[in-house]
Amino acid sequence: MTRYADIPKPIRSGIVVVDPERGTPQRIIVLQFNPDTLERSLAPQAAGGGGDSGGAEWRDRNEALRLKGPAQETWKFTAEIDATDQFDVAAPDGIHPELATLEMLVHPTSAQLREASRLTKKGTIEISPIEMPLTLFTWGSKRVMPVRLTELSINESAFDVNLNPIRASLGIGMKVLSVSDLPAGHRGADLYLAHLAQKERLARTARGGRLAELGLGRGL
């Protein structure tokens, strides 16, 4: 008889915040439940773009099969957090800590904002936008990619007696950061290239079709 201990636990998806200089993980966020569905979209970066010059049509025809860079890839999914599913874990603040951890992925820290304000008062002419840590999304070992969160919507649906949220559904949207988004030599760019190389390896393992299956037995 199969014992529960023999059933392998599923790998969890999650987010890893990485120091872009050292490459060391600063925080690991393991999603409590793996999302049931993933919505992914890829938009090719096609070359081309017309103009008013007489050679525009000729130029577009010559660029019809050219790409300027990797496809722009976005992910969307819904994550669930439920404190009532973890009775063995103390939750005096409900799921506030888990929500705050995710929210800080789209906020600069208070220290960074104070420093920016200090530089403004000091009369610094140009203040660079605040740089956030490198964020990786992981969906198993075959999908590890640098991302930027583009959407974080939170629907809190249950609360304890102190109004701490104890259950929430989160809509998360992400943009995969490619070599088109990151400077050369950036650790995130290297991780994206590793992610793309993994896709290439998987594509090579797919079974190739035959022209006969397409009704083209006599060739093209």
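Anything mentioned here points back to the structure above.
Residues numbered from 1 in each chain as written. Predicted model: local features only at pLDDT ≥ 70, side-chain atom pairs only at ≥ 80, totals over all residues. Heavy atoms only, no water.

Participant: Would you mind going over the pattern of salt bridges with me for this structure?
Facilitator: Proximity of charged atoms lets side chains of opposite charge pair with each other. Under the definition given, this model contains 7 salt bridges. A salt bridge links Arg22 to Asp19; the nearest nitrogen and oxygen atoms lie 2.9 Å apart. By relative accessible area, which is 11% here, Asp19 ends up buried. Asp181 is the salt-bridge partner of Lys175, the closest N and O atoms lying 2.9 Å from each other. Judged by relative accessible area, which is 16%, Lys175 ranks as buried. Taking the relative accessible area as the measure of exposure, Asp181 reaches 37% and is therefore partly exposed. Members of the salt-bridge network, linked through shared partners, are Arg207, Arg210 and Glu213. (Salt bridge = Lys/Arg side-chain N within 4 Å of Asp/Glu carboxyl O. Buried < 20%, exposed > 50% of the residue type's maximum accessible area, 1.4 Å probe, protein only.)

Participant: Just to check I follow, could you spell out the pairing of strand S2 (residues 25–30) for this structure?
Facilitator: Across a regular strand the side chains alternate sides, sitting on one face of the sheet and then on the other. Direction of pairing for strand S1 (residues 14–18) relative to S2: antiparallel, over a ladder of 5 bridges. Bridged to Val16 within S2 is Ile28. Between the antiparallel neighbours S1 and S2 lie 6 residues, among them Gly23 with a positive phi of about 80°. (Pairing = 2+ DSSP bridges. Helix = DSSP H or I, 4+ residues; strand = E, 2+ residues; numbered from the N terminus.)

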